[in-house]
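# Structural description and commentary
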Amino acid sequence: MDVVVSFLTRTGAMLHPWMNEIATAMVSCIIVVFGADCNRWLRKQLGARSFILRTLIFILVNAFGFGLIIVAVSPWLAGQLRHMPAMWMLLLVCAIFFGIGSWAQRNRQS
């Protein structure tokens, strides 16, 4: 058991320098999964509007809105992840990405 704990602690500690990138990847993956639903809802709401207005709103939401979310939430998430003990870091990161991937797959099949 000590070997497993030692491995998880060392591997988790190796992830700490990359926490900003890991958090950005997590937030980006969530936005990719949610982005299609958001754009679908937006398309329904703006269906009767002019092409220029629809295009402008899509640009604002997709480029600036999602970009702002990535820039604002990623550092916060990285800070939260840094508070996790190193022993649990690898398991947590793998579980989050597995959860996002399974959620995306489940939504894709619906």
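This report concerns the structure included in the present document. (Residues numbered from 1 in each chain as written. Predicted model: local features only at pLDDT ≥ 70, side-chain atom pairs only at ≥ 80, totals over all residues. Heavy atoms only, no water.)

### Observations regarding the nonpolar core
Ranked by size, the top nonpolar core spans 15 residues in total, and within it Leu-15, Met-19, Met-26, Leu-77 and Val-93 carry the most contacts. Of all the elements in the fold, those that place two or more residues in this core are α1 (2-15), α2 (19-45), α3 (51-82) and α4 (86-109). The dominant element in this core, judged by the number of residues it contributes, is α2, at 6 residues. (Core = buried A, V, L, I, M, F, W, Y, C linked by side-chain atoms within 4.5 Å. Buried < 20%, exposed > 50% of the residue type's maximum accessible area, 1.4 Å probe, protein only. Helix = DSSP H or I, 4+ residues; strand = E, 2+ residues; numbered from the N terminus.)

### Thoughts on the pattern of salt bridges
Overall, the coordinates contain 1 salt bridge when judged by the stated rule. Among the salt bridges present, the one from Arg-40 reaches Asp-37, with a minimum N-O distance of 2.7 Å. Placement of both Arg-40 and Asp-37 in helix α2 is noted, with a separation of 3 residues, approximately one turn of the helix. (Salt bridge = Lys/Arg side-chain N within 4 Å of Asp/Glu carboxyl O.)

### Considering α3
In this model α3 runs 45 Å from its N-terminal to its C-terminal C-alpha over 32 residues, within 8% of the 46 Å that 1.5 Å per residue would give. A maximum bend of about 30 degrees is found in α3 at Val-73, where proline Pro-75 lies one to four positions downstream. Within α3 the residues assigned to the buried category are Phe-58, Phe-66, Ser-74, Leu-77, Ala-78 and Leu-81. (Expected span 1.5 Å × (residues − 1). Bend = angle between axes of the 7 residues up to and from the residue.)

### Points about α2
Here α2 contains 27 residues, and its C-alpha end-to-end distance of 37 Å stays within 8% of the 39 Å for a straight helix at 1.5 Å per residue. The largest bend in α2 is about 40 degrees, located at Phe-34. Among the residues making up α2, those that are buried are Met-19, Ile-22, Ala-23, Met-26, Val-27, Ile-31, Val-33, Gly-35, Asn-39 and Leu-42.

### Points about the environment of Ala-72
Topologically, Ala-72 is positioned in helix α3. The exposure class assigned to Ala-72 is partly exposed, which follows from its relative accessible area of 47%. Between the alpha carbons of Ala-72 and Val-33 there is a distance of 18 Å; along the sequence they are 39 residues apart.

### Quick notes on the packing of aromatic side chains
This model, assessed by the stated rule, comprises 1 aromatic pair. With centroids separated by 4.9 Å and ring planes inclined at 85 degrees, the aromatic side chains of Phe-34 and Trp-103 adopt a geometry described as edge-to-face. Of this pair, Phe-34 sits in helix α2 while Trp-103 sits in helix α4, placing them 69 residues apart in sequence. Look at Trp-103 and you get partly exposed, because its relative accessible area is 26%. (Phe/Tyr/Trp six-rings, centres within 6.5 Å; stacked < 30°, edge-to-face > 60°.)

### Overview of the packing of α2 against α3
For the pair α2 and α3, the least separation of the axes is 8 Å and the interaxial angle reads 145 degrees. For the pair α2 and α3, the crossing hand works out as right-handed. Tallied by class, residues from the contact of α2 with α3 come to 17 nonpolar, 7 polar and 2 charged. (Axes fitted to C-alpha atoms, helices over the stretch in contact; angles between N-to-C directions. Left-handed = near helix turned anticlockwise from the far one by under 90°. Nonpolar A, V, L, I, M, F, W, Y, C, P; charged D, E, K, R; others polar.)

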